[in-house]
Amino acid sequence: MTAFLIVLALVALVVIVTLVKSVRVVQQQTVGIVERFGKFKTGLQPGLNLLTPFVDKVRYTIDMREQVVAFPPQGVITEDNLMVSIDSVIYFQVNDPVRATYEISNYIQAIEQLTMTTLRNIIGGMDLEQTLTSREEINEKLRYVLDEATGKWGIRVNRVELRSIDPPPSIQDSMEKQMRADRDKRAAILTAEGMRQSAVLSAEGQKQSAILTAEGDKQSRILRAEAERQARILKAQGEAQAITTVFNAIHAGKPDQGLLAYQYLQMLPSIAQGDANKLWIVPSEIGDALKGLGSAVGQVAGITQKAEGEWHAPELSNGEVTELESSAAAPAAVAEADNAVREAIAAAESAAVSTRSQAAPSTPSIPPPAPSQEPPAAEPPQR
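What comes next concerns the included structure.

Concerning the overall build of the protein chain
Inference 1: Check the secondary structure of the protein chain and you find 10 helices and 9 strands.
Inference 2: Evaluated residue by residue, the protein chain yields a buried proportion of 24% over its 383 residues.
Inference 3: In the protein chain, of all internal contacts separated by at least 6 residues, the share reaching a separation of at least 24 is 65%.
Inference 4: Element-wise, carbon and sulfur atoms account for 57% of the exposed surface of the protein chain, whose accessible area totals about 26100 Å².

A word on the nonpolar core
Inference 1: Core analysis: the largest hydrophobic core is formed by 34 residues, its most contacted members being Ile86, Ile90 and Phe92.
Inference 2: Where this core is concerned, the elements lending two or more residues are β2 (30-36), β8 (83-94), α3 (107-124), α5 (135-150) and β9 (155-166).
Inference 3: No other element matches the 7 residues that α3 contributes to this core.
Inference 4: If we ignore the near neighbours within four places in the chain, the residues touching Ile86 are Pro72, Pro73, Gln74, Val76, Leu119, Ile123, Leu162, Ser164 and Ile165.

What about the pattern of salt bridges?
Inference 1: On inspection of all chains with the given rule, the structure shows 12 salt bridges.
Inference 2: Between Asp56 and Arg36 there is a salt bridge; the shortest N-O distance is 2.4 Å. On the criterion of sequence distance, the pair formed by Asp56 in strand β5 (residues 56-63) and Arg36 in strand β2 is long-range, its members being 20 residues apart.
Inference 3: Since its relative accessible area comes to 11%, Asp56 is described here as buried.
Inference 4: With a relative accessible area of 29%, Arg36 lands in the partly exposed category.

Section: the sheet that holds strand β3 (residues 39-44)
Inference 1: Read across the open sheet, the 3 strands follow the order β3-β2-β5; overall the sheet is antiparallel. The open sheet has two edge strands with one neighbour each: β3 and β5. Neighbour-to-neighbour, the strand axes of the sheet open up by a mean angle of 30 degrees, direction not taken into account.

Remarks on the packing of α3 against α5
Packed helices, taken two at a time, are described by the angle their axes make and the gap between the axes.
Inference 1: The N-to-C vectors of α3 and α5 enclose an angle of 135 degrees; their axes lie 10 Å apart at closest approach. Here α3 is positioned oblique relative to α5, judged by the angle of their axes. As for how α3 packs across α5, the hand of that crossing is right-handed. Where α3 approaches α5, its residues Ile111, Leu114, Thr115, Thr118, Leu119, Ile122 and Ile123 are matched on the opposing element by Ile138, Lys141, Leu142, Val145, Leu146, Ala149 and Thr150.
Inference 2: Looking at the contact of α3 with α5 residue by residue, the classes come out as 10 nonpolar, 3 polar and 1 charged.

Quick notes on a nonpolar patch on the surface
Inference 1: Side chains of Val7, Val11, Val15 and Leu19 sit close together on the surface and give an oily, nonpolar patch of about 340 Å² of accessible area.
Inference 2: By the element assignment, Leu19 lies in helix α1 (residues 2-22).
Inference 3: Under the relative-accessibility criterion, Leu19 is labelled exposed at 52%.

A short note on the pairing of β3
Inference 1: In this structure, β2 lies alongside β3, joined through 5 bridges in antiparallel fashion. Opposite Val34, over in β3, you have Thr42 as the bridge partner.
Inference 2: Joining the antiparallel neighbours β2 and β3 is a turn of 2 residues, in which Phe37 adopts a positive phi near 60 degrees.

Considering the pairing of strand β7 (residues 74-77)
Inference 1: Only one face of β7 is buried, namely the one carrying Gln74 and Val76, since none of Gly75 and Ile77 on the opposite face is buried.
Inference 2: Judged from the 4 bridges that link them, β7 and β8 form a sheet pairing that is antiparallel. Opposite Gly75, over in β8, you have Ser85 as the bridge partner.
Inference 3: Remark: 5 residues form the turn of the hairpin made by β7 and β8, two consecutive strands paired antiparallel; Asn81 in that turn has positive phi of roughly 60 degrees.

A word on unusual backbone geometry
The general pattern is negative phi for most residues beyond glycine and trans for most peptide bonds.
Inference 1: Of note, the phi angle at Gln29 is positive, near 60 degrees, even though the residue is not glycine.
Inference 2: Tracing the backbone shows Gln29 in the loop between β1 (23-26) and β2.
Inference 3: Among the residues examined, Gln29 registers a relative accessible area of 36% and is labelled partly exposed.
Inference 4: With a phi close to 60 degrees, Asn81 is a non-glycine residue in the positive phi region.
Inference 5: Topologically, Asn81 is positioned in the loop between β7 and β8.

Things to note about the side chain of Thr78
Inference 1: With respect to the helices, strands and loops of the structure, Thr78 is situated in the loop between β7 and β8.
Inference 2: With residues near it in sequence (within four places) discarded, Thr78 still touches Val84, Ile123, Gly124, Met126, Asp127, Leu128 and Thr131.

The rules behind these values
- Residues numbered from 1 in each chain as written.
- Predicted model: local features only at pLDDT ≥ 70, side-chain atom pairs only at ≥ 80, totals over all residues.
- Heavy atoms only, no water.
- Helix = DSSP H or I, 4+ residues; strand = E, 2+ residues; numbered from the N terminus.
- Buried < 20%, exposed > 50% of the residue type's maximum accessible area, 1.4 Å probe, protein only.
- Contact = heavy atoms within 4.5 Å.
- Areas by Shrake-Rupley, 256 points an atom, 1.4 Å probe, with all protein chains shown as cover.
- Core = buried A, V, L, I, M, F, W, Y, C linked by side-chain atoms within 4.5 Å.
- Salt bridge = Lys/Arg side-chain N within 4 Å of Asp/Glu carboxyl O.
- Pairing = 2+ DSSP bridges.
- Axes fitted to C-alpha atoms, helices over the stretch in contact; angles between N-to-C directions.
- Parallel < 35°, antiparallel > 145°, perpendicular 65-115°, else oblique.
- Left-handed = near helix turned anticlockwise from the far one by under 90°.
- Nonpolar A, V, L, I, M, F, W, Y, C, P; charged D, E, K, R; others polar.
- Patch = residues over 30% accessible without salt bridge, like charges linked within 9 Å, V, L, I, M, F, W, Y side chains within 5 Å.

And the structure:
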């Protein structure tokens, strides 16, 4: 009984091991390479697969998804003998798992070495400036070479990217200085351009301002000239009207010789007045001259003995016109004019005596006229 149980347990164990060996589950996007007695038999697809136990064996499991491999930086010499460090990334995908398994032992290592050699060939034909500015060209050339080389391995290279291209530190310093100088140059150019634009705009504004100022000055001068012309016209018209009014008033009053003599004698005392008059010499014949002043004035050319013609007196503010004095009041006016003449003669002689005594002692003084020597009263003008 015990032996039977042991045999039964062994049979069950063999059945379980056989079942385990004959059933294999493959994940999605994965292919299993099955070998029978060391020879490729088939590839297991994703899902549940049955194998011949103890005969078939899953040797490799290939991932069919796109894979990304980053290679460490590699030193590459450019055409101008400068060492640059290049860090690259490869994107590839296995298309044929059988060939990827049996055509090459380690396709990742093979891609890495192929990438390094291809980069050396490409960068070796470029100088540093081209290397730094031709990333797209380098990526395209590298992808083309890798895709062609890995095609027989059942691998397709989708994309190649250069993550960094690092020149030597000394070259980096020189490049930084060059870029700084270039930026300073562009900044200076932009600053000069801005200053030029500012100067142009300022000059344009000054030009417009000068034009507007000149236009305003022109208009102002025109208006001032027009106003001055109008003022002069009005002033001339006013003066003409004033002269006409005075002329008409004088002739309307019909002045005679007594009035003219009185006006003349009124000016004699004012001759001696003023601070600038240091010396005033009055001739001794002034008395005789004053005596005949009335007759002399009457004989002056252009002054008539009697005003003739019809002259209208100027109108007053109340609209009334001054009336001429009647002939009955003429003797009183004549007497008043004679008294004024005598007073003017006396004032002139006294002023002449005082001035002559202070200035020149040798000049004989003029005695005052005798009271009896009165100028004859002028006859009243004939109306």
